[in-house]
Amino acid sequence: MNREDLDHEGLLFADGFDEAIIGVAERIGMEPVVAYDTNKIIEILARDMTEDEAVEYFEFNILGAYMGERTPIYIS
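Right, let's get into the pattern of salt bridges. Counting across every chain of the model gives six salt bridges. As a salt-bridge pair, Glu19 and Arg47 come within 2.9 Å of each other at their nearest N and O atoms. Pair noted here: Glu19 is in the segment before strand E1 (21-25) and Arg47 is in the loop between helix H1 (38-45) and helix H2 (51-63), with a separation of 28 residues, a long-range link. What makes Glu19 partly exposed here is its relative accessible area of 43%. A salt bridge links Arg70 to Glu31, with the nearest nitrogen and oxygen atoms 3.5 Å apart. One end of the pair, Arg70, is in the loop between H2 and strand E3 (73-75); the other, Glu31, is in the loop between E1 and strand E2 (33-37), with 39 residues separating them in the sequence. Residues participating in the shared-partner salt-bridge network are Glu19, Lys40, Glu43 and Arg47.

This next bit is on H1. Those residues of H1 that sit buried are Thr38, Ile41, Ile42, Ile44 and Leu45. One face of H1 carries all of its buried residues, which in axial projection span an arc of 160°. In this structure Asp37 caps H1, since a side-chain oxygen of it lies 2.9 Å from the backbone nitrogen of Asn39.

About the cut-offs
- Residues numbered from 1 in each chain as written.
- Predicted model: local features only at pLDDT ≥ 70, side-chain atom pairs only at ≥ 80, totals over all residues.
- Heavy atoms only, no water.
- Salt bridge = Lys/Arg side-chain N within 4 Å of Asp/Glu carboxyl O.
- Helix = DSSP H or I, 4+ residues; strand = E, 2+ residues; numbered from the N terminus.
- Buried < 20%, exposed > 50% of the residue type's maximum accessible area, 1.4 Å probe, protein only.
- Arc of directions from axis to C-beta.
- Polar contact = N/O pair within 3.5 Å; in protein donor to acceptor, adjacent residues only side chain to side chain.

Below you can see the structure in the form of structure tokens.
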């Protein structure tokens, strides 16, 4: 799945990780957000670094990045 497959306006994306998109998550009273597969993101990152570095990078730079109410969620 990639961002073109998602039919929602205003979604925020983690750049470079379209192949890790699972879909759109929705909760009552909240705007829809993009849902990503955590393990797939780490696999993508590990193409250019060690797995430990990929996990650390993910946790600090991606999981730890708040972009407002539409911040994507990461599912493991």
